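# Topology and contacts: notes
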Amino acid sequence: LKTIMEEMDVGPADAGSEAVETHMYVSKLAAQTASQVTPSCLTECNGTTDEATVDPSSCFIDGKCYEEGDTADIFGKSCFVCDPSTSQRQWSEAPTLGSTQCFIDNICVNSGDFLFYQRRTWSAKIFSSCQVCDPGRDPSGWSLANAKEFVVVDGASPPNDCTAASTTT
């Protein structure tokens with residue numbers, strides 16, 4: 001069996017060998033059965049795990065146990081944490097969100113990191129010269145690095161996402 005992935009808007013000459021090497025396909029082939037061991041953070045489980053009792057110092061998120069303080073960094077969301085006092089079934093906002101990190105477009109971004117555009121996963125990143133994560137100003141959106149110098153161009157991608165601000169007095 002041979003699987004071929006083809007990008008419709010890119011010719012084979014432009015795709016390069018990187019495209020072949022960076023794609024991955026994941027499939028779940030089996031589910032746990034009733035004979036499987038109950039997850040360690042569930043103190044009582046008489047039916048499904050959705051109705052089970054979770055240990056007070058743990059979280060049970062997406063079928064996996066996490067200790068209090070564990071982050072969702074493995075999913076690219078380091079600004080979310082297991083906080084059983086807030087929720088034992090969902091990730092909670094970490095103390096870093098709004099102080100040293102922003103959550104923009106479903107991604108945790110560190111303070112001072114600039115917006116970037118990347119046409120393909122193997123392409124070079126093209127950074128904005130004006131849109132930056134500034135959690136003190138907006139923890140859920142991009143902020144202008146210098147509002148006196150730049151204006152955002154709606155719908156444009158870096159490096160054309162900003163233009164010089166009008167200097168009319």
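Each remark here, short or long, concerns the structure printed above.
Let us look at the structure shown here. Going along each chain's sequence as written, the residues are numbered from 1 onward. In keeping with the predicted nature of the model, local features appear solely for residues at pLDDT of at least 70, side-chain atom pairs appear and are counted solely at 80 or more, and the whole-chain, interface and lining totals rest on all residues. For the side-chain quantities, the full set of heavy atoms in the structure was used; hydrogens and water were omitted.

### With respect to the state of the cysteines
Defined by distance alone, a disulfide is two cysteine sulfur atoms within 2.5 Å. Summed over the entire model, instances satisfying the criterion amount to 5 disulfides. Covalent S-S linkage joins Cys-79 and Cys-108, the inter-sulfur distance amounting to 1.9 Å. Measuring handedness by torsion sign, the sulfur bridge of Cys-79 and Cys-108 sits at about -75° and is left-handed. On the criterion of sequence distance, the pair formed by Cys-79 in strand E6 (residues 77-83) and Cys-108 in strand E9 (residues 107-110) is long-range, its members being 29 residues apart. This pair shows no difference in class: Cys-79 is buried, exactly as Cys-108 is. Two residues, Cys-102 and Cys-133, share a disulfide whose sulfurs are 2.3 Å apart. One disulfide, between Cys-102 and Cys-133, carries an S-S torsion of 95° and so falls in the right-handed class. Here Cys-102, found in strand E8 (residues 101-104), pairs with Cys-133, found in the loop between strand E11 (126-132) and strand E12 (143-144); they are 31 residues apart in sequence, far enough to count as distant. The two residues Cys-102 and Cys-133 agree in class, both being buried. The connectivity of the disulfide-linked cysteines in the protein, indexed sequentially, is 1-3, 2-5, 4-7, 6-9, 8-10. What counts as a helix is a DSSP run of H or I of at least four residues, what counts as a strand is a run of E of at least two, and both are numbered from the N terminus. Buried means the residue's accessible area, taken with a 1.4 Å probe over protein chains only, is under 20% of the maximum for its type, while exposed means over 50%, and partly exposed covers the values in between.

### Description of the sheet that holds strand E7 (residues 87-93)
Following DSSP output, two strands are said to pair if at least two bridges run between them. An order of E5-E6-E7 is seen for the 3 strands of this open sheet, with the pairing classed as antiparallel. Of all the strands in the sheet, the pair left with one neighbour each is strand E5 (71-72) and E7. Pairing between E5 and E6: 2 bridges, direction antiparallel. Bridge assignment links Ala-72 to a residue of E6, and that residue is Lys-77.

### Some remarks on the pairing of E7
Pairing between E6 and E7: 3 bridges, direction antiparallel. Residue pairing across strands places Phe-80 opposite Glu-93, the latter belonging to E7. Connecting E6 to the next strand, E7, in antiparallel fashion are 3 residues.

### Quick word on the nonpolar core
A general tendency of soluble globular proteins is for nonpolar side chains to be buried together. Working definition of a nonpolar core: buried Ala, Val, Leu, Ile, Met, Phe, Trp, Tyr and Cys residues. They are joined through side-chain atoms within 4.5 Å. Cys-59, Ile-61, Tyr-66, Ala-72, Cys-79, Phe-80, Cys-82, Trp-91, Leu-97 and Cys-108 together form the largest nonpolar core, which totals 10 residues. Listing elements by their share of this core, those giving two or more residues are strand E3 (58-61) and E6. Top contributing element to this core by residue count: E6, with 3 residues. Residue contacts are counted whenever heavy atoms from the two residues lie within 4.5 Å of one another. Look past the residues within four positions of Phe-80 in its chain and what remains in contact with it is Asp-70, Thr-71, Ala-72, Trp-91, Ser-92, Glu-93, Ala-94, Phe-103 and Cys-108. Residues Leu-42, Ala-52, Val-54 and Cys-65 belong to the second largest nonpolar core, which totals 6 residues.

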